[in-house]
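Next come the chains, spelled out residue by residue.
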Amino acid sequence: MALKIIGKFTGKSSLLSAPLAALLAGSALSLAAGPAFAEGKTLDVAIIGEADTFDPMMSTKDVVSIVTQHFVETLYTFDGGWNIAPLLATGLPEISDDGLTYKIGIREGVTFHDGSSMDAKDVVASLDRWLKVATRGKGVADKVASVEATGDYEVTITMKEPYSPLLSLLAFSNSAAAVYPEEIIADTIETVVGTGPYKIAEHMPDQHLQLVRFEDYASRDEASDGAAGKREQLADEIRFIPVPDPNTRVEGLLSGQFDFADGLPAESYKRLEENETADPLLLKPFGWPIFAVNHKDGLLTDKNIRLAVQAALPIDDMLFAAFGDDNFFITDGPLYPEGWAWRTEAGAELFNQNDQTRAGELLKEAGYDGTPLRILTSRQYEFHFKMAEVAKMALESAGFKVQMDVVDWATLGQRRDDPAVWDIYITHSPFLPEPALTSLYDKSSRLGWSNPEKDKILDAFTSETDIAKRKELFAELQKQVFEDVGFIKIGAFNALQGTRKGLEGVPASPWPFFWNAQVQ
Amino acid sequence: MARYILKRILGMFIVIFLVLTIAFLIVRLAPGDPAALMLGPEATPEETAALRTELGLDRPIVVQYFTFVVNAAQGDLGTSLFFRQPVTQVLAARAEPTIFLALFSLVFALVIATPIGIYAAYRRGSFLDQSAISTAMLAASIPSFWTGLMFQRYLATDLGLFPASGYGGPDASFIERMGYLILPSIVLGIVNSALILRFTRASMLDILGEDYIRTARSKGMGEPRVVLRHALKNAAIPIITVIGLTFALLVSGAVVTERVFNIPGMGNLVVSAVLRRDYPVIQGALIVVASLYVLINLVTDLLYLTVDKRVRY
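Rules and cut-offs
Residues numbered from 1 in each chain as written. Chains lettered and ligands numbered in written order. Predicted model: local features only at pLDDT ≥ 70, side-chain atom pairs only at ≥ 80, totals over all residues. Helix = DSSP H or I, 4+ residues; strand = E, 2+ residues; numbered from the N terminus. Contact = placed C-beta atoms within 7 Å. Rg over C-alpha atoms; globule rule 2.2 N^0.38 Å. Buried ≥ 20, exposed ≤ 12 C-beta atoms within 10 Å, placed from the backbone. pLDDT = per-residue confidence, 0-100. Pairing = 2+ DSSP bridges. Nonpolar A, V, L, I, M, F, W, Y, C, P; charged D, E, K, R; others polar. Domains from an automatic or database assignment. Core = buried A, V, L, I, M, F, W, Y, C linked by C-beta atoms within 7 Å. Expected span 1.5 Å × (residues − 1). Axes fitted to C-alpha atoms, helices over the stretch in contact; angles between N-to-C directions. Parallel < 35°, antiparallel > 145°, perpendicular 65-115°, else oblique. Left-handed = near helix turned anticlockwise from the far one by under 90°. Arc of directions from axis to C-beta.

Helices and strands together make up the secondary structure of chain B, namely 14 helices and zero strands. For chain B, the spread of C-alpha atoms along the principal axes amounts to about 85 × 55 × 35 Å. Counted over contacts in chain B with a minimum sequence separation of 6, partners at least 24 positions apart contribute 74%.

Another aspect to go through is the overall build of chain A. Across its full length, chain A holds 15 helices and 20 strands. A globule of 520 residues ought to have a C-alpha radius of gyration of about 24 Å, and chain A, at 25 Å, matches this closely. For chain A, the spread of C-alpha atoms along the three principal axes comes to 80 × 65 × 35 Å. For chain A, the residues scored as buried account for 51% of the 520 residues in total.

All names here are of chain B. Confidence along chain B averages 86 in pLDDT terms, with 97% of residues attaining 70 or more. For chain B, helix H2 (residues 34-39) is the element with the lowest average pLDDT, namely 77, and helix H8 (residues 174-179) is the one with the highest, namely 94. The complex prediction reports pTM at 0.84, with the ipTM value standing at 0.81.

Residue and element names in this part refer to chain A. Sheet analysis places strand S12 (residues 278-293) next to strand S18 (residues 492-500), joined by seven bridges and oriented antiparallel. Within S18, the residue paired with Leu-283 across the bridge is Ala-495. In this structure, S12 lies alongside strand S16 (residues 424-430), joined through seven bridges in antiparallel fashion. Residue pairing for S16: Pro-289 is matched across the bridge by His-428.

Looking now at the interface of chain A and chain B. The interface of chain A with chain B comprises 50 residues on the first partner and 51 residues on the second. Sorting the residues of the side of chain A that touches chain B by element identifies helix H1 (2-10), helix H2 (17-24), strand S9 (208-213), strand S10 (237-242), helix H7 (246-254) and helix H13 (409-415) of chain A as the ones contributing at least two each. Broken down by element, the side of chain A that touches chain B gets its largest block of residues, five residues, from H7(A). Residue composition of the side of chain A that touches chain B, by class: 18 nonpolar, 21 polar and 11 charged.

Quite often, the size of an interface is put as the accessible area lost when its parts meet. Residue and element names in this part refer to chain B. Each assigned domain of chain B is listed with its residue range as follows: domain 1 (2-73) and domain 2 (94-307). Facing 14 residues of domain 1, the contacting portion of domain 2 comprises 12 residues. Only helix H1 (2-29) and H2 provide two or more residues apiece to the side of domain 1 that touches domain 2. Of all the elements, H1 adds the most residues to the side of domain 1 that touches domain 2, at 10 residues. Looking at side-chain class alone, the side of domain 1 that touches domain 2 contains 10 nonpolar, one polar and three charged residues.

So, on to the nonpolar core. Counting 144 residues, the largest nonpolar core has A:Val45, A:Leu75 and A:Ala308 as the members making the most contacts within it. With near-sequence residues (within four places) excluded, A:Leu75 lies in contact with A:Leu87, A:Leu88, A:Ala89, A:Ile104, A:Val123, A:Leu170, A:Ala177 and A:Val179. Core analysis: the next-biggest nonpolar cluster, separate from the first, contains 78 residues, B:Tyr180, B:Ala235, B:Val288 and B:Val289 among them.

This part is about helix H15 (residues 467-483) of chain A. Residue and element names in this part refer to chain A. Spanning 17 residues, H15 covers 24 Å between terminal C-alpha atoms, matching the ideal 24 Å at 1.5 Å per step. Along H15, the residues classified as buried are Arg-470, Leu-473, Phe-474, Leu-477, Gln-478, Gln-480, Val-481 and Phe-482. Contacts made by the buried residues of H15 are with helix H14 (452-463) and strand S17 (487-489). Of the residues one or two after H15, Val-485 is the one with positive phi, at around 50°.

The next thing to look at is the pairing of S18(A). Residues and elements named next belong to chain A. Counting buried residues in S18 gives seven out of nine residues, a clear majority hidden from the surface. Note that strand S13 (residues 329-330) and S18 share two bridges and pair antiparallel. Each residue of the ladder has a partner; that of Phe-329, found in S18, is Phe-493.

For the rest of this paragraph, the subject is unusual backbone geometry. Geometrically, the link from A:Lys284 to A:Pro285 is a cis peptide bond, its omega value of -10° lying close to zero. Counting through the fold element by element, A:Pro285 comes out in strand S12. The phi torsion at A:Val485 lies on the positive side, around 50°, for a residue other than glycine. A positive phi angle, near 50°, is found at B:Asn262, a position not held by glycine.

Further remarks concern the sheet that holds strand S7 (residues 154-159) of chain A. Residue and element names in this part refer to chain A. In space, the four strands of this open sheet follow the order S4-S5-S7-S6, with antiparallel pairing throughout. At either end of the open sheet lies a strand with only one pairing partner, and these are strand S4 (94-95) and strand S6 (144-151). Direction of pairing for S6 relative to S7: antiparallel, over a ladder of six bridges. Counted as the bridge partner of Glu-148 is Thr-156 from S7. Along the sheet, helix H4 (residues 120-133) contacts S6 and S7; its crossing angle with S6, the most-contacted strand, is approximately 170°.

Once that is clear, we can look at the packing of H1(B) against helix H4 (residues 61-73) of chain B. Residue and element names in this part refer to chain B. Following both chains from N to C, one finds H1 and H4 inclined at 140°, their axes separated by 11 Å at the closest point. Comparing their axes, H4 and H1 come out oblique. Classified by chirality, the crossing of H4 by H1 is right-handed. Every residue of H4 that contacts H1 at Leu-20, Phe-24 and Arg-28 is listed here: Ile-61, Tyr-65, Phe-68, Val-69 and Ala-72. Considered class by class, the residues forming the contact of H1 with H4 number seven nonpolar, no polar and one charged.

Residues and elements named next belong to chain A. Listed in full, the buried residues belonging to helix H11 (residues 356-366) are Gln-356, Ala-359, Leu-362 and Leu-363. Down the axis of H11, the sector holding all buried residues measures 115°, keeping them to one side. Turned more than 90 degrees away from the buried face of H11 sit Thr-357 and Lys-364, all of them exposed. Those residues of H11 that are buried are in contact with helix H9 (303-312) and helix H12 (382-398).

Pasting the structure below:
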């Protein structure tokens, strides 16, 4: 009996368990009933921490998206190629020729977890709330004239001006335009009720979030493709387990406790490759480190000094110091990786110059007076700090005086809102399916990047609806990023996740989902 | 006696009040904004400011302090900014793993350290004594996070003898949850056994050199009786003191072990609360820990009465 229980803890029984089993036989432990980790139809997913909220409208954190997409749904989503696909909508919207009216059909027969049926009124109430409270919704609210129910199962969004990223915003699971029953709509939603394939059964803070299959779920019929199409609910339960320590996530995965673990350290790649329990899952590339530049105040309001920073940075060395393994970074300048629709080489010749002499000349032209360049960074993400260390050396060699302000993430989050106390802060982002989903280009962001030419290009980019023209405009925008140094992309990096051997149906994604997942 | 206890309880309230004030000030003097953390990286400064207002963080610090003190006096430690639950509820949910982890590791440490400490003192200078001292030094010198990582990797992951982390799933029974505490208890117990062993040995050495021990032996009393009934009883006061303090330390300070093994206890909660700048939880946890220290000290002092009849308050 005791041997069986130990086997349940670890997902395996070994001969070496026997002595301990013998020791425990007859003890209280041997009386235990019921498995701690059910096998087969329960997926245990180790995530990097507790989700702050189960209302995805209210947060732009990835961990919130990862968890909530299982029980809350949006009108649209993304397929495997990051194209927009319908989810609660019947199909893609009918968009008027002037790009001002979006007529969206709503699926019939969709049930909320509270048993009520979804209709256009629920969608309108939810979108109104999204425009009022969500970061991404508020960003577009001034362009929206109205959201109306134009039938029991039809919603019409009327814009004041064309805004092409709208559908991407409606599809994104981050600061999501989630659909809730009209009855629960309020500024703060205490108990989230969605339409997703799983519903919340139990939440023990810092222990687990237990999701169980929603029996009345109305899945789409199309073949699964990314987050689009059929959602099969193969597992009976999904348990999200917050495990803040990366090493603990690795050991839990390797010992068979977890079926999936997110955010694993690069050093664990070899162990994952060589063991018999788990497999590494490399997201290649996952995202990009960013030197966010302060255009509002301080040293970098001078374009020549910004160009000097860009010229001095040895991106290769910074990435190597940060990730230490060629498997985990790519020294790549364009803002989108190979294979993405937005990929363009425009302006990328200014990437990775590693030319401190040129940087010194630019500093002279700018009349640099030795004012310290303040780099705000944190060791919460060790790769941010390591990059900053290498950058500091290169910048000093170009003639900069550099002040490193190394603080914890909470402090960084506070200080970056005060433009008087930093020149560069370091952050990172996954590659987003639509460029306008990041606020970096926006003059109202905390970077405050603005010049007449860039602002004109950005306005044209966000109002243009023709895809080919949008790509051309994005090339111009990317050129501006390099030529005016709106912000500095430090290459690209890969992320490591891990799965139990035999786990199928989990696509590599910054926001992994498990409704089509099962252990073979 | 009753007067003594009353006096101590009064002193306890003063200590808790001071801790409460210091905790309030320290967490607010530290930079960092819980609102910015909660909203995520794309939130605008305006949204962050609005959430600060909603959470009451923009009120004058004096107002926040008095509200906190008045509520705390009524047993209300506030609401967690992160969990949106009463702090007392958040802390109560973490009590079970922490208390049992502390208890198990203390039992483990006592079972290992007390007999060895007694025997090492009895056979002072022997091979066993020297080995015990060296091993204790080694155990005390190795940081518990390292021991934890090694045990986790080799005993849990590679050999599969223990669960690698956590505290059981939603359907785990009490016994199963306790099973998750075995390995972390051993890790914590090893470190603390070193301390208890050294105290036991030192204390026993003092007593074994006393005249009354020599008298007992000269009267022909058997060695087990001399050592266990006469020496150990008199050596017990410093040992009880260190056990009491160790227990308090374990309840409040199993931070690293709880983190490594992902045990949802008080230590793990405090680390997360600091990283999230969840002020009410940090304050609440500090108050609970301070109260516990004072309470354990009081219990320890009262235990002296039963161990040594000469002690009077």
